[in-house]
Amino acid sequence: MAEAADFQGTPSPARRWLRRTGALLAGAPLLAGLMQLPAAVPAQAADSNTVSVALDSLSPSAPTDGDTLTVSGTVTNNGKQAVTDAHVDLRAGALLSTRSEIDTAARHSDDLQSALGTEVGGKSTEDFASLPPGVAEHFSISVPVDKLDLGQDGVYQFGVSLSGKTSAQQWDQVLGIQRTFLPWQSSEADTKTKTTYLWPLISTVHVTAKTGAGELQTPVFQNDDLAKEIAPGGRLAQMLALGKDLDVTWVIDPDLLASVDAMTRNYRIQGAGDTSTAGTHQAVAKQFLADLQDAVTDKEVVALPFADPDLASLAHNGTSVTGSLSHLKDATDVAATTVKTVLHVTPSTDFAWPVDGAVDPSIIKVATSAGADKVIARSDSLQETGGLTYTPSAARPIGGGTTAVVADARLSTAFQGDLTDADSSTLAVQQFLAQSLALNTQTGKQRSIVVAPQRMPSSSQAEAMATAITALQDSNWSQSQDLEAAAKAKPDPGATTKIPSSSAYPSALRKQELPRTAFEQIARTQDKLDNFQVILTDESRVVTPFGRAINREMSTSWRGRGSEADSFRTSVESWLDDLTSQVKLIDKSETKLSGRSATIPVTVQNNLVQGVDHLVLRLTSTMPTRLEIGGKPYYEQPVEVSGGHSQSVKFSTSANANGRVEVTAQLYTEDGQEYGAPVRFDVKVTEVTPTVMLVIGGGVLLLVLAGFRMYTQRKRAAARRAEEDGGPDEEAEGTPETPGAPEAPGTPEAKSPGDTEDADGPGNPADREDRPREESAARSREDDPEQPSDPTPDTAPESADPSETGERVDR
């Protein structure tokens, strides 16, 4: 009653004090226990993963009945206390029935809290009396496969653990573990998966647009890194050495072949500024190509478009720039020719390979625009939506006659990341094989699976890939197949064929794409090239190196290297500008024009090694009312200039007024495109006035008259001398009538000394003096029947008798 009354009303102070004291006394043991817990947790955590276990090798990777499994690796004490009574054990884990379970197990490969599996025991251990801190110890254990008690075929977890004691915890416990996978297919599978593995031989851009001026056009490389890649031990040399013994499909960038082929002859390495040094790795290049030719003989070869253009960048940022797609077509056309020329095999050019197999409608459209009808996608992009319980075949018809060849994402990404240490490489190989076997056991249907790894594997990645492919080719559940056959395989009717939308394209990949400004710069460079090549007599010397350089500007290898891509594009455009500027007009100073007409020369200089033609030089007057050129405001003349020469082109001009006139000289191509910078100069016109012209004309007339007077005087003097010298011989008797005798004074024809003759009268004075004498002689002959001087008529033979006195005889 009292307790009820207390709870119903207000308790007394004494009762409240008693309750509080009791509560404190009752909670004291619980509080003390809670305070002790944090001290125990760190002690347990400190013992977790005290020892790291590295699994360096597992052989065979996919054992079968009768095999002995050998596992080797290292154990390292990462703690601060020595581990005593240590021993390494092999542990067989549970059967993993799905590919997702394999993914989960791989994420927790060294987790001590997960199931450890059963110790194999027996002789399958290795003991260490002590593991000092920071010391790594090697181990190697072999065990017959039948001792592992593996049951049905499939993928099993398999682990290596280290157990021991520490001074803080004096009992045997697992201090470190490393799990992996053991594919178990004891005999030939009833149905084998047909597997296609792409073996990419791709590098970054190495060759610039520059070439030497000689006939051989010596190429210039950005650096000598390609020589390191193809030399023994280099990345590409490793890819070649490993791939030649594998049943794979070679996927080759023709730019790599062209670059190595160029190294077999004279080549140069770009230095600082305009300097360069001679390349010295011709022997290495020749050996690499010879080995590659042997490796691809009778193998399937797929040629990517030249320089492996970035299809996604082009689709997302380049199609809106005029002419961008034409570069893809050009890169595809030259691909087959390059591979056939260098390797002497005919490649397939039907496949397009976007970065990481990520696709959307625009990428598919661009990929097929250059003629490819098969696009290599990846299953993490073209994801299954039909609820299939197995992985379908790679081939998917996606409409328009195009086939998407969908590579398996898990298998394709198995060898990414750092695989330089043996442990990571071994784990990657075992996980790859486990996924392949798990895929095969999904269904009894035979399927065609494609593996498309990263484009440029490192040497360590390539080694891991080769190890896995070798094991796969020797396995009981897989068989090799060419890519062309995989693309033609019967599609699974339940597989998805819907291309993901553009919004589903991975943002991480989109950030690495070439921007629109890159394609605008490429278009600008192409326009300059088009304008330049039309004037060349041997355009191939420029079109080929610059065409390939433009292909390289769009290369997939620029992803993640934006600043280097910008630098390369700028260098290509700058070099083209330098070449085009070698054909130019020579600057002119002010020209003075005195008179109404004159000729103005304009000089065109060609510093190229080849000649130029199909050029037109136009000279334009800014004030045609004052100065006309060729009778018009402007005049054009064709121009042809040999290599290393200059030519002056002359223009006729006419002035209509005094003053200064600006004249512009501009070169054009024959199709009307401006070429080079114009040259502007002033022409100072000084027109001649009518008064000055009259004075000059009067002076010229006086000179003419003076010359005429001198001529007539000389003519008269010559006539008098002839008359004086020839008179006695003309007539023996010297009669006045005889022609040539001096005129008698006072005769009608005689002129008085004061008479004169006008300059523009008929005849000249000498003619007028000779005419009267001739007329007088003629009249004398008519009046006299016979003159003594007349010849004897030719009517009878001459007499032989002596002549009579006074008779004249002609002899």
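The residue numbering used here restarts from 1 in each chain and proceeds along that chain's sequence as written. Under the rules for a predicted model, residues below a pLDDT of 70 receive no local features and side-chain atom pairs below 80 are neither given nor counted, while totals for whole chains, interfaces and linings still include all residues. As a rule here, side-chain values cover all heavy atoms of the structure and leave hydrogens and water aside.

Digging into the overall build of the protein
Line of reasoning, step 1. Under the DSSP-based scheme used, a helix requires at least four consecutive residues in state H or I and a strand at least two consecutive residues in state E, with every element numbered from the N terminus. Within the protein, the regular secondary structure consists of 20 helices and 30 strands.
Line of reasoning, step 2. Contacts: residue pairs with any heavy atoms within 4.5 Å of one another. Put simply, 77% of the contacts in the protein that link residues at least 6 apart link residues at least 24 apart.
Line of reasoning, step 3. Entry remark: accessible area of the protein is about 41600 Å², with carbon and sulfur atoms responsible for 51%. Only the protein chains shown count as cover for residues, and the accessible areas themselves come from Shrake-Rupley with a 1.4 Å probe.

Overview of the nonpolar core
Line of reasoning, step 1. With 74 residues, the main nonpolar core has Phe532 and Leu617 as its most contacted residues.
Line of reasoning, step 2. If you tally residues by element for this core, the top one is helix α16 (residues 516-533), at six residues.
Line of reasoning, step 3. Beyond its immediate stretch of four places on either side in the chain, Leu617 contacts Leu585, Val602, Val604, Tyr635, Glu636, Gln637, Val639, Val649, Phe651, Ala665, Gln666 and Leu667.
Line of reasoning, step 4. Listed in part, the 65 residues of the second largest apolar core include Trp199, Leu201, Ile252 and Phe432. In plain words, nonpolar cores are sets of buried Ala, Val, Leu, Ile, Met, Phe, Trp, Tyr and Cys residues tied together by side-chain atoms within 4.5 Å. Each residue is placed in one exposure class: buried if its accessible area under a 1.4 Å probe, protein chains only, is under 20% of its type's maximum, exposed if it is over 50%, and partly exposed if it falls in between.

Here's the deal with the packing of helix α5 (residues 235-243) against helix α7 (residues 282-296)
Line of reasoning, step 1. Axis geometry follows a simple rule: fit a line to the C-alpha atoms, using only the stretch in contact for helices, then measure angles between N-to-C directions, giving values from 0 to 180 degrees. Remark: α5 packs on α7, axes separated minimally by 10 Å, with the N-to-C direction vectors making an angle of 30°. Comparing their axes, α7 and α5 come out roughly parallel. For the crossing formed where α5 meets α7, the hand is left-handed. When α5 is examined against α7, the residues Leu236, Ala237 and Leu240 are found in contact with a partner set consisting of Phe288, Asp291, Leu292 and Ala295.
Line of reasoning, step 2. Only Asp, Glu, Lys and Arg are considered charged, only Ala, Val, Leu, Ile, Met, Phe, Trp, Tyr, Cys and Pro nonpolar, and every remaining residue, Gly among them, polar. Of the residues contributing to the contact of α5 with α7, the split by class is six nonpolar, no polar and one charged. These descriptions rest on fixed angle ranges, namely under 35 degrees for roughly parallel, over 145 for roughly antiparallel, 65 to 115 for roughly perpendicular, and the rest for oblique. Less than a right angle of anticlockwise turn of the near helix away from the far helix marks a crossing as left-handed, whereas a clockwise turn marks it as right-handed.

So, the sheet that holds strand β25 (residues 612-621)
Line of reasoning, step 1. Any two strands between which DSSP finds at least two bridges are classified as paired. Taken in spatial order, the five strands of this open sheet run β23-β30-β29-β25-β27, and their pairing is mixed. Whereas interior strands pair on both sides, the edge strands pair on one side only; in this sheet they are β23 (591-594) and β27 (634-641). Put simply, the sheet's adjacent strands are angled 30° from each other on average, direction ignored.

Quick notes on the pairing of strand β29 (residues 659-669)
Line of reasoning, step 1. The element β29 is largely enclosed, with a buried count of eight among its 11 residues.
Line of reasoning, step 2. Two elements, β25 and β29, share seven bridges in a ladder whose sense is antiparallel. In the sheet register, Leu619 faces β29, and the bridge partner there is Ala665.
Line of reasoning, step 3. Strand direction decides the pairing type here: β29 and strand β30 (residues 674-686), joined by nine bridges, are antiparallel. Residue pairing for β30: Thr664 is matched across the bridge by Arg680.
Line of reasoning, step 4. Linking two consecutive strands that pair antiparallel, namely β29 and β30, is a turn of four residues; a positive phi of about 90° is found at Gly672 within it.

Observations concerning the packing of α5 against helix α13 (residues 459-473)
Line of reasoning, step 1. For the pair α5 and α13, interaxial distance at closest approach is 9 Å and the crossing angle is 10°. Our classification of the angle between α5 and α13 gives roughly parallel. Contacts from Arg235, Gln238, Met239 and Leu242 in α5 reach Ser459, Ala462, Glu463 and Ala466 in α13.
Line of reasoning, step 2. A per-class count over the contact of α5 with α13 returns four nonpolar, two polar and two charged.

Focus on unusual backbone geometry
Line of reasoning, step 1. Between Ser59 and the following residue, Pro60, the backbone shows a cis peptide bond with an omega angle of -5°.
Line of reasoning, step 2. Looking at the secondary structure, you find Pro60 in the loop between β1 (51-59) and β2 (68-77).
Line of reasoning, step 3. The phi dihedral of Asp149 falls on the positive side, at around 55°, and the residue is not glycine.
Line of reasoning, step 4. By secondary structure assignment, the location of Asp149 is in the loop between β6 (136-144) and β7 (154-165).

Focus on empty space enclosed by the protein
Line of reasoning, step 1. Points on a 1 Å grid, built from protein atoms alone, make a cavity when a 1.4 Å probe fits but cannot get out and make a pocket when they are open with protein on both sides within 12 Å along at least 5 of 7 lines; residues with an atom within 4 Å of a point are the lining residues. Grid points are joined across faces, edges and corners, and a volume is the space filled by probe spheres set on the points. All chains considered together, the criterion is met by four cavities of 30 Å³ or more.
Line of reasoning, step 2. Lining the largest cavity are 17 residues, and of these Pro305, Leu328, Thr332, Phe351 and Ala352 lie nearest its centre.
Line of reasoning, step 3. Per-element accounting of the lining of the largest cavity gives the leading share, three residues, to helix α9 (residues 324-343).
Line of reasoning, step 4. Computed from the structure, the second largest cavity encloses a volume of approximately 70 Å³.
Line of reasoning, step 5. Along its surface, the second largest cavity is lined by Thr195, Thr196, Tyr197, Asp247, Ile469, Leu472, Gln473, Ser478 and Ser480.
Line of reasoning, step 6. Elements with a contribution of two residues or more to the lining of the second largest cavity: β9 (193-201), α13 and β21 (478-480).
Line of reasoning, step 7. Looking at side-chain class alone, the lining of the second largest cavity contains three nonpolar, five polar and one charged residues.

Considerations on the confidence of the model for the protein
Line of reasoning, step 1. Each residue gets a pLDDT score, which is the predictor's confidence in that residue and runs from 0 to 100. Confidence in the prediction for the protein averages 85 pLDDT; 81% of positions are at 70 or higher.
Line of reasoning, step 2. Between residues 1-47, whose pLDDT stays under 50, and residues either more than four places distant or in other chains, the model counts 12 contacts.
Line of reasoning, step 3. This model gives residues 727-811 a pLDDT under 50, and the stretch forms 32 contacts once residues within four places in sequence are excluded.

Observations regarding helix α3 (residues 99-107)
Line of reasoning, step 1. Those residues of α3 not exposed but buried are Arg99, Ile102, Asp103 and Ala105. Down the axis of α3, the sector holding all buried residues measures 165°, keeping them to one side.
Line of reasoning, step 2. Each element contacted by the buried residues of α3 is listed here: β3 (83-96), β7, β8 (173-184), α11 (409-412) and α12 (422-440). Each C-beta atom gives one direction from the helix axis, and the arc is the one those directions make.

Some points on the packing of aromatic side chains
Line of reasoning, step 1. Aromatic rings from Phe, Tyr and Trp, taking only the six-membered ring of Trp, are treated as a pair when their centres fall within 6.5 Å; an angle between ring planes under 30 degrees marks them as stacked, one over 60 as edge-to-face, and anything in between as tilted. Counted by the stated rule, this structure contains six aromatic pairs.
Line of reasoning, step 2. One aromatic cluster is present, built from ring pairs that chain together Tyr197, Phe415 and Phe432.
Line of reasoning, step 3. For Lys374, the ring lying beneath its charged end belongs to Phe351, and the centroid distance is 5.5 Å.
Line of reasoning, step 4. The residue whose ring lies beneath Arg618 is Tyr668, and the NZ or CZ to ring-centre distance is 4.4 Å. Comment: the charge-over-ring label is applied if NZ (Lys) or CZ (Arg) is within 6 Å of the ring centre and within 35 degrees of the ring normal.

Things to note about the side chain of Asp255
Line of reasoning, step 1. Residue placement: Asp255 occurs in helix α6 (residues 254-263).
Line of reasoning, step 2. Note on Asp255: relative accessible area 3%, which makes it buried.
Line of reasoning, step 3. Each polar contact in these results corresponds to two N or O atoms within 3.5 Å; when the atoms are within protein, one needs to be able to donate a hydrogen and the other to accept it, and residues that are neighboring in sequence are counted only if both atoms are side-chain atoms. At a separation of 2.9 Å, a polar atom in the side chain of Asp255 contacts the side chain of Arg552.
Line of reasoning, step 4. The residues contacting Asp255, other than those within four sequence positions of it, are Phe306, Ala307 and Arg552.

Topic: the pattern of salt bridges
Line of reasoning, step 1. For salt bridges, the criterion is a side-chain nitrogen of Lys or Arg within 4 Å of an Asp or Glu carboxyl oxygen. Overall, the coordinates contain 28 salt bridges when judged by the stated rule.
Line of reasoning, step 2. Residues Lys528 and Asp577 are paired through a salt bridge, measuring 3.0 Å at the closest nitrogen-oxygen approach. With a gap of 49 residues between them, Lys528 in helix α16 and Asp577 in helix α18 (residues 562-580) connect regions that are remote in the sequence.
Line of reasoning, step 3. Since its relative accessible area comes to 30%, Asp577 is described here as partly exposed.
Line of reasoning, step 4. Each of the salt bridges in this network shares a partner with another, and the network as a whole consists of Asp350, Asp373, Lys374 and Glu484.

Some details on the environment of Val583
Line of reasoning, step 1. Here Val583 shows up in strand β22 (residues 583-585).
Line of reasoning, step 2. Through-space distance from the C-alpha of Val583 to that of Gly644 is 9.7 Å; in sequence the pair is 61 residues apart.
Line of reasoning, step 3. Every residue in contact with Val583, bar those within four places of it in the chain, is listed here: Ile535, Gln605, Asn606, Leu608, Val612, Leu615 and Tyr675.

So, the sheet that holds strand β14 (residues 276-278)
Hydrogen bonding along the main chain pairs the strands of a sheet, whether they run parallel or antiparallel.
Line of reasoning, step 1. One open sheet holds the four strands; their spatial order is β10-β11-β13-β14, and the pairing between them is mixed. Every interior strand has two partners, whereas the edge strands, β10 (207-211) and β14, have only one. Averaged over all pairs of adjacent strands, the angle between their axes in this sheet comes to 35°, without regard to strand direction.
Line of reasoning, step 2. Summarising the sheet, β10 and strand β11 (residues 219-221) pair through two bridges and their orientation is antiparallel. If you follow Thr211 over to β11, its bridge partner there is Pro219.

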